[in-house]
Amino acid sequence: MEGVQSAFQKLSKDAKSMISSLESLAQPPPPPPPPYVPSGVLITNPPRHMVSVWTCSKLCAVCLVAGVFVGYTLKRRVRRWVSGILKRLKDD
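Residues numbered from 1 in each chain as written. Predicted model: local features only at pLDDT ≥ 70, side-chain atom pairs only at ≥ 80, totals over all residues. Heavy atoms only, no water.

1. Focus on the overall build of the chain
Along its length, the chain carries 2 helices and 2 strands. Along the chain, helices and strands appear, N-terminal first, in the series α-β-β-α. Looking at the 92 residues of the chain, the share that counts as buried comes to 1%. In the structure as shown, the chain presents an accessible area of about 9100 Å², 68% of it carried by carbon and sulfur atoms. (Helix = DSSP H or I, 4+ residues; strand = E, 2+ residues; numbered from the N terminus. Buried < 20%, exposed > 50% of the residue type's maximum accessible area, 1.4 Å probe, protein only. Areas by Shrake-Rupley, 256 points an atom, 1.4 Å probe, with all protein chains shown as cover.)

See below:
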């Protein structure tokens, strides 16, 4: 009878330790601390590569100007193409 009791106690201790280890695994890990970002820096990949706000602003301005230029050029080309098609249709 004592053997059964000792086996049961050992089994219950093992079960409790397994349950506590599973509970610790089930909890989500704590969030990592926020990275240190110096002011004026948007992106940091490797330690030596940073994109500053000023560089990002210049890039955005260049892209905006290029987009406006391409847009107006495309608008003129489409107008010429449509007017040529309409002239052909009108002549027929």
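2. A few points about a nonpolar patch on the surface
On the surface, L74, V78, W81, V82, I85, L86 and L89 cluster together to form a nonpolar patch covering roughly 680 Å² of accessible area. The exposure class of L86 is exposed, given its relative accessible area of 52%. (Patch = residues over 30% accessible without salt bridge, like charges linked within 9 Å, V, L, I, M, F, W, Y side chains within 5 Å. Salt bridge = Lys/Arg side-chain N within 4 Å of Asp/Glu carboxyl O.)

3. Points about the confidence of the model for the chain
For the chain, per-residue confidence averages 78 on the pLDDT scale, and 68% of positions sit at 70 or higher. Model confidence for the chain, summarised as mean pLDDT per element, is weakest for strand 1 (residues 41–44) at 61 and strongest for helix 2 (residues 53–91) at 91. (pLDDT = per-residue confidence, 0-100.)

4. Description of helix 2
The first and last C-alpha atoms of helix 2 sit 57 Å apart over 39 residues, in line with the 57 Å expected at 1.5 Å per residue. With 0 of 39 residues buried, helix 2 lies mostly on the surface of the structure. (Expected span 1.5 Å × (residues − 1).)

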